[in-house]
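# Structural features, examined
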Amino acid sequence: MKKVLFIMLFGLATAGAFAVETLRSPDGKLEMHFRIEDGRPMYDLSYADVPVILPSHLGIELKGEQAQYDYQSLSIGHQSAAVQAPAGLMTGFSIEQVDTCSFAEEWTPVWGEESRITNHYRELCVTLRQSPQNRFIRIRFRLYNDGLGFRYEFPQLGLNYFTIREEHTEFTMPGDLTAYWISGDYDTQEYEYTRSRLSEIRAISERTRVGNLAQTAFSPVGVQTPVLLRSETPKGGSEALWILIHEAALVDYACMHLDLTDTDQSAHPVFTSHLTPDAQGDKGHLQSPCVSPWRTITVVDDARKLLASRLTLNLNEPCKITDTSWIRPCKYVGVWWEMINGMSEWSYTSDLPSVKIGETDYSKVKPHGRHGANTANVKRYIDFAAKHGFDGVLVEGWNIGWEDWFGNQKDYVYDFVTPYPDFDVEAIHQYAKERGVYMIMHHETSSSVRNYERHLDTAYRFMNHYDYPAVKSGYVGPILQGETHYSQWINNHYAFCIQKAAQYHIMVNAHEAVRPTGLCRTWPNMIGNESAMGTEYQATKGIAPGHTCILPFTRLVGGPMDYTPGIFEMDMSKMNPRNTNHCNTTICNQLALYVTMYSPLQMAADLPENYERFIDAFQFIKDVALDWDQSWYLEAEPMEYITIARKTKGKDEYFVGGVTGAEARVSEITLDFLPAGKKYVATIYQDAKDAHYLTNPQAYVITEKTVTSKTRLKLYEAPSGGYAITLRPKVN
């Protein structure tokens with residue numbers, strides 16, 4: 001791996017030498033200030049002299065060291081608050097030392113949207129002494145051209161073991177900005193995004209929460225990160241700054257939400273960090289030396305630059321896997337959509353009100369005849385995958401225990417190795433192997449985390465034995481013992497599974513886990529996650545147009561999503577008469593998602609027979625790459641439209657995808673990302689003029705034309721529609 005690296009020490013200062021510390025981005029546009037005011041750390045951030053974050057406090061409250069704060073005065077206007085004594089890591093600080101440096105490198109991801117990533121920042125690390133305890137913390141800031149990252153660091157200087165009661169990191173807004181947000185929740189991110197003013201969140205938050213198998217809201221003004229904000233610049237008009245607040249490198253710490261202070265209708269609302277508690281109500285049990293995750297603020301003047309930002313990845317540690325040759329992007333089909341839409345079921349029988357693993361005898365029960373994961377059906381999917389060049393086949397519901405898997409607070413739910421009587425593990429393994437297809441494992445845990453860890457080594461050895469290189473794990477439902485899905489304890493479990501999987505050369509695609517924070521750089525076997533409202537909701541309730549036009553700006557900044565696109569039949573009743581739901585998308589929109597919703601793990605989620613009906617459109621799913629040398633973000637407006645072009649890794653081949661929200665539009669792009677002087681054949685999959693996601697979602701047109709880097713295209717996109725293009729060199 002070739003790197004270009006330089007580190008320069010800019011300065012070293014001690015307490016009292018500087019009243020305000022200033023840090024500028026490499027291009028000079030972003031400027032951050034840090035100071036101590038009345039013993040409390042504060043920072044602010046601006047872009048080209050336009051305020052991004054107004055002066056905001058930093059600090060961490062420790063359990064057992066609470067003080068009597070007037071929190072309203074702390075959060076609004078930043079007035080000094082009287083305290084009985086320094087409380088936790090909140091007050092009583094002075095600057096002990098200041099270190100600054102610059103860093104630049106290029107690094108190579110194992111897979112990604114480009115084959116080289118630039119990591120260039122300037123850093124300010126402030127060591128703070130707290131009196132009278134005589135203990136120390138550091139706050140480390142890294143300022144990039146596209147944003148700021150900062151974290152708390154706890155050297156073993158006056159702190160050993162400590163418990164966080166709450167983190168009080170503030171993000172003071174420069175006004176009543178437009179926000180793109182989902183409701184704060186300790187258990188799920190499976191919500192549609194809402195676009196509103198900050199001042200409107202309180203009034204509408206409750207009705208944005210849909211029913212979910214596990215959800216725990218904490219505040220009427222709480223939101224989850226990443227939260228996207230639009231700030232109008234003083235120039236007015238359509239110009240704006242885009243601000244994205246998130247976190248990076250979430251390791252051994254609770255997931256951060258944001259709670260909004262809006263009680264006085266202040267012109268400067270304040271987001272304050274709100275950590276996910278564990279079952280005891282604690283926000284984190286730490287042992288020094290240790291660090292918090294990075295708190296990130298991405299700032300750009302063009303929405304396309306949000307899609308291009310690698311701030312979150314850059315703030316994570318380099319890859320810890322020495323040999324990554326076994327980590328391979330994967331395109332797959334599977335026995336899944338037929339269960340989601342109700343055609344078949346995960347369970348095997350209706351005769352069992354309860355199941356005891358190791359005791360219940362499935363040979364003595366009557367099959368209900370709707371079990372999807374049976375040998376004959378799985379072979380049908382294997383044949384389809386082999387015929388069309390797919391890498392893998394996922395099968396859900398293959399293992400015993402699905403009859404009482406949910407809602408019973410059951411510990412021993414599955415053993416992850418025992419198949420149902422109609423699923424022949426050995427025969428399926430051989431059948432797939434002979435056809436050049438591998439099987440993808442499914443581990444639903446029912447959120448019985450202790451049980452999963454109990455069986456993990458055995459389950460992974462089972463996968464190795466039967467050549468399953470990847471696993472889709474699930475955490476549906478409430479977690480046992482009062483835990484939630486995003487506390488420090490459960491986050492450590494997710495990390496344990498990924499690291500254990502790496503020992504067995506297994507790739508992990510976790511569903512219902514905590515939303516990603518760039519850890520796929522460190523552990524690239526973390527090849528996919530769900531952690532957002534995915535395609536399955538199209539079959540059960542429908543998703544409003546525009547959903548896939550906001551996810552790349554929010555959820556995907558932390559890592560790829562297993563969104564499971566590729567639905568060609570939008571009317572669920574044609575597959576299951578009992579299901580009257582409709583998928584709010586067109587076929588061409590579904591094709592484009594393979595480009596716009598980046599993931600090295602992509603599913604063709606629909607049934608084989610639906611693809612056979614539209615085999616010409618299906619060709620794009622077969623052709624589209626999974627790993628890229630370079631990406632170009634051509635058009636972007638959150639919730640409205642996205643157009644992206646990408647070059648296949650190691651090939652002279654390009655793909656373009658464009659998606660739109662509720663409104664039809666004409667996309668106008670220039671193919672100037674192509675090499676100059678070369679001709680390419682463009683195969684264009686486009687919504688027909690009468691296409692509409694509700695009334696005519698399967699109307700599309702496929703055309704071919706010769707193009708060059710100077711070609712301009714105007715392409716119609718229907719409501720919730722889109723287009724996809726394959727570009728290959730023209731052979732004379």
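As a starting point, this report considers the structure included with it.

About the thresholds
- Residues numbered from 1 in each chain as written.
- Predicted model: local features only at pLDDT ≥ 70, side-chain atom pairs only at ≥ 80, totals over all residues.
- Heavy atoms only, no water.
- Buried < 20%, exposed > 50% of the residue type's maximum accessible area, 1.4 Å probe, protein only.
- Helix = DSSP H or I, 4+ residues; strand = E, 2+ residues; numbered from the N terminus.
- Arc of directions from axis to C-beta.
- Axes fitted to C-alpha atoms, helices over the stretch in contact; angles between N-to-C directions.
- Parallel < 35°, antiparallel > 145°, perpendicular 65-115°, else oblique.
- Contact = heavy atoms within 4.5 Å.
- Nonpolar A, V, L, I, M, F, W, Y, C, P; charged D, E, K, R; others polar.
- Phe/Tyr/Trp six-rings, centres within 6.5 Å; stacked < 30°, edge-to-face > 60°.
- Lys NZ or Arg CZ within 6 Å of the ring centre and 35° of its normal.
- Pairing = 2+ DSSP bridges.
- Left-handed = near helix turned anticlockwise from the far one by under 90°.
- Salt bridge = Lys/Arg side-chain N within 4 Å of Asp/Glu carboxyl O.

## Regarding helix α13 (residues 615-623)
For the α-helix, the turn length of 3.6 residues means that residues three or four positions removed from each other point alike. If you check which residues of α13 are buried, you get Ala-617, Phe-618, Phe-620 and Ile-621. The buried residues of α13 occupy an angular sector of 140° when projected down its axis, which confines them to one face.

## Section: the packing of helix α8 (residues 449-465) against helix α9 (residues 488-503)
In contact at an axis separation of 11 Å, α8 and α9 are set at 5° when each is read in the N-to-C sense. It follows from the interaxial angle that α8 and α9 lie roughly parallel. Mapping the contact onto sequence places Val-449, Tyr-452, Glu-453, Leu-456, Asp-457 and Tyr-460 in α8 and Trp-489, Ile-490, His-493, Phe-496, Cys-497, Lys-500 and Ala-501 in α9. Residue composition of the contact of α8 with α9, by class: nine nonpolar, one polar and three charged.

## Some words on unusual backbone geometry
Between Ser-131 and Pro-132 the backbone carries a cis peptide bond, its omega angle lying at 5°. Along the chain, Pro-132 turns up in the loop between β8 (117-130) and β9 (135-144). Each neighbour pair has its own omega, and for Thr-225 with Pro-226 the value is 0°, a cis peptide bond. Topologically, Pro-226 is positioned in the loop between β15 (222-224) and β16 (227-232). Non-glycine residue Gln-409 carries a positive phi angle of around 50°. Topologically, Gln-409 is positioned in the loop between β24 (392-395) and α7 (425-434).

## Here we look at the packing of aromatic side chains
Following the criterion strictly, the structure yields 40 aromatic pairs and no others. With 5.0 Å between their ring centres and 50° between their planes, Trp-402 and Trp-405 make a pair best called tilted. Residue classification places Trp-402 among the buried positions, given a relative accessible area of 5%. With relative accessibility at 21%, the residue Trp-405 sits in the partly exposed group. An aromatic cluster is present here, built from Trp-346, Trp-402, Trp-405, Phe-406, Tyr-414, Phe-416, Tyr-452, Tyr-475 and Tyr-494 joined pairwise through their rings. The ring of Tyr-641 carries Arg-665 above its face, with NZ or CZ at 3.7 Å from the centroid.

## What about the environment of Asn-134?
Along the polypeptide, Asn-134 turns up in the loop between β8 and β9. Spatially, the C-alpha atoms of Asn-134 and Ile-498 are 39 Å apart, while their sequence positions differ by 364 residues.

## A short note on the sheet that holds strand β29 (residues 601-603)
Strand order in the open sheet formed by seven strands is β28-β27-β26-β25-β24-β23-β29, with parallel pairing between adjacent strands. The sheet terminates laterally at β28 (526-529) and β29, the two strands that pair on one side only. Sheet twist, expressed as the average angle between the axes of neighbouring strands with direction ignored, equals 25°. The pairing of strand β23 (residues 330-335) with β24 spans four bridges and is parallel. The partner of Gly-334 across the bridge, within β24, is Leu-394.

## Some details on the pairing of strand β31 (residues 641-648)
For β31, the tally of buried residues reaches seven of eight residues, placing the bulk of the element in the interior. As paired elements, strand β30 (residues 628-637) and β31 share eight bridges and run antiparallel to each other. If you follow Glu-637 over to β31, its bridge partner there is Tyr-641. Between the antiparallel neighbours β30 and β31 lie three residues, among them Met-639 with a positive phi of about 75°.

## Some thoughts on the sheet that holds strand β37 (residues 722-729)
The strand order across the open sheet built from six strands is β30-β31-β32-β37-β34-β35, with neighbouring strands paired in antiparallel fashion. Looking at the sheet topology across the chains shown, the edges are occupied by β30 and β35 (700-707). Pairwise comparison of adjacent strand axes, ignoring direction, gives a mean angle of 15° for this sheet. Those strands touched by helix α11 (residues 587-596) are β31, β32 (654-660), β34 (680-687), β35 and β37, and its axis lies near 125° from that of β32.

## A look at the packing of helix α6 (residues 375-388) against α7
Contact geometry for α6 and α7: axes closest at 10 Å, N-to-C directions at 15°. Compared by their axis directions, α6 and α7 come out roughly parallel. Considering how the two elements wind past one another, α6 and α7 form a crossing that is right-handed. Across the interface between the two elements, Thr-375, Val-378, Lys-379, Ile-382 and Asp-383 of α6 pack against Ile-428, Tyr-431 and Ala-432 of α7. When its residues are assigned to classes, the contact of α6 with α7 shows five nonpolar, one polar and two charged.

## Describing the environment of Thr-298
Mapped onto the elements of the fold, Thr-298 is located in strand β22 (residues 294-300). On the basis of relative accessibility, which here comes to 4%, the residue Thr-298 falls in the buried class. Once you skip the residues sitting within four places of it in the chain, Thr-298 turns out to touch Asp-146, Gly-147, Trp-242, Ile-243, Leu-244, Leu-306, Ser-309 and Leu-311.

## Section: the pattern of salt bridges
Under the defined criterion, the tally for this structure stands at 47 salt bridges. Measuring nitrogen to oxygen at the nearest pair gives 2.9 Å for the salt bridge that ties Arg-295 to Glu-247. Here the residue Arg-295 occupies a position in strand β22, and Glu-247 occupies one in strand β17 (residues 240-248), the gap between them amounting to 48 residues. The pair formed by Arg-295 and Glu-247 is uniform in burial state, with each residue classed as buried. Three or more residues joined by partner-sharing salt bridges are found here, namely Glu-123, Arg-140, Arg-142, Arg-151 and Glu-153.

No statement about biological role is implied by the geometric values presented.
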